[in-house]
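Chain and residue survey
Each chain, letter by letter, is given below.
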Amino acid sequence: MSLLPCSTNRSKPVRAPAKRALLAWSGGKDSAWALYLMRASGVEIAGLFTTVHEDTHRIAIHAVRTALLEQQAQAIGAPLHQLPIPRDCPNAVYERVLDAFVRSARPDGVTHLAFGDLFLEDIRRYRERQFAGSGVELLFPVWGLPTRALAEEMTASGLRAWITCVDTAQAPAAWAGSVFDQQFVRQMPASIDPCGENGEFHTFVFDGPMLRHALRTRPGRITQEGRWAYADIVAAEGEEVPG
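Residues numbered from 1 in each chain as written. Predicted model: local features only at pLDDT ≥ 70, side-chain atom pairs only at ≥ 80, totals over all residues. Heavy atoms only, no water.

1. Notes on the packing of helix 1 (residues 29-40) against helix 5 (residues 147-156)
To characterise two packed helices, one gives the angle between the axes of the helices and the distance between these axes. One way to put it is that helix 1 packs onto helix 5 with a least axis distance of 11 Å and a crossing angle of 75 degrees. The orientation of helix 1 relative to helix 5 falls into the category roughly perpendicular. Listed contacts from helix 5 to K29, D30 and W33 of helix 1 are L150, E153 and M154. Along the lines of polarity and charge, the residues of the contact of helix 1 with helix 5 split into 3 nonpolar, no polar and 3 charged. (Axes fitted to C-alpha atoms, helices over the stretch in contact; angles between N-to-C directions. Helix = DSSP H or I, 4+ residues; strand = E, 2+ residues; numbered from the N terminus. Parallel < 35°, antiparallel > 145°, perpendicular 65-115°, else oblique. Contact = heavy atoms within 4.5 Å. Nonpolar A, V, L, I, M, F, W, Y, C, P; charged D, E, K, R; others polar.)

Quick look at the structure:
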């Protein structure tokens, strides 16, 4: 007969700490889909962060107005953190800005940083080196997904995006201002990555399952700077986007 006191307290399984993540946000389809997948898997989205050119108030590379990024964030229901950088930003400056931001986020319980990278190994290794020792882990929700199937899944879900920027050395300049949707993906040449992961094109999502409502936007002026063709995305008639 045991002399140990009986206890009604049974040990409970230890749950893994919840993931609370900040997502690197470009406004484009890959980061939007990463957001969608993270929410579906129970990751808490603490916010979105993006680097913007301090002189133009547009996101780097994609050249989308920050006012439109703010509209996206409102439709997503997550705070947007804008990190100003100079237009021709030295890498050391970029890294200092990111490091300071991550350190400021730690007291808010952030455990992870997430990125929408698909398959470029050098980019992933760079991020892993950059944030080693930062106290946060990295998530790559769309990493390694076959890009043809991924583009088809995105657009089948209702995701639609404006093509904001085209590298004319790799893709037709006429794509600037086009809609990335099911028809566009079906007609894309086999020589171009369906998600533009090699830098062929960049996008701005205006509709999809990660948004509470579609954004009333349209392509405005089309310009070309060197090898890059840009579509300036603006508010549709009846809406107003300053800047």
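The structure having been displayed, the exposition proceeds.
2. A short note on the nonpolar core
Ranked by size, the top nonpolar core spans 51 residues in total, and within it W25, L48, W175, F180 and F204 carry the most contacts. If we ignore the near neighbours within four places in the chain, the residues touching L48 are L23, W25, A73, I76, A78, P79, L80 and H81. Residues L98, F101, A105 and F115 belong to the second largest nonpolar core, which totals 15 residues. (Core = buried A, V, L, I, M, F, W, Y, C linked by side-chain atoms within 4.5 Å. Buried < 20%, exposed > 50% of the residue type's maximum accessible area, 1.4 Å probe, protein only.)

3. A look at the pattern of salt bridges
Applying the stated rule across the entire model yields 11 salt bridges. Across the pair R103 and D99 runs a salt bridge, and its minimum N-O distance is 3.0 Å. Here the residue R103 and the residue D99 both occupy positions in helix 3 (residues 91-105), the gap between them amounting to 4 residues, near one helical turn. Note that E128 and R124 form a salt bridge whose closest N and O atoms lie 3.0 Å from each other. (Salt bridge = Lys/Arg side-chain N within 4 Å of Asp/Glu carboxyl O.)

4. Focus on the pairing of strand 10 (residues 217-225)
Summarising the sheet, strand 10 and strand 11 (residues 228-235) pair through 7 bridges and their orientation is antiparallel. The residue of strand 11 that forms the bridge with I222 is A231. Turn length for the strand 10-strand 11 hairpin, with the two strands adjacent in sequence and antiparallel, is 2 residues, and the turn residue G226 shows positive phi of about 60 degrees. (Pairing = 2+ DSSP bridges.)

5. Notes on the pairing of strand 11
By the criterion of burial, strand 11 is predominantly enclosed, with 7 of the 8 residues buried. Of the pairings in the sheet, the one linking strand 7 (residues 160-167) to strand 11 comprises 3 bridges and is antiparallel in character. Among the inter-strand pairings, V166 is bridged to a residue of strand 11, identified as A229.

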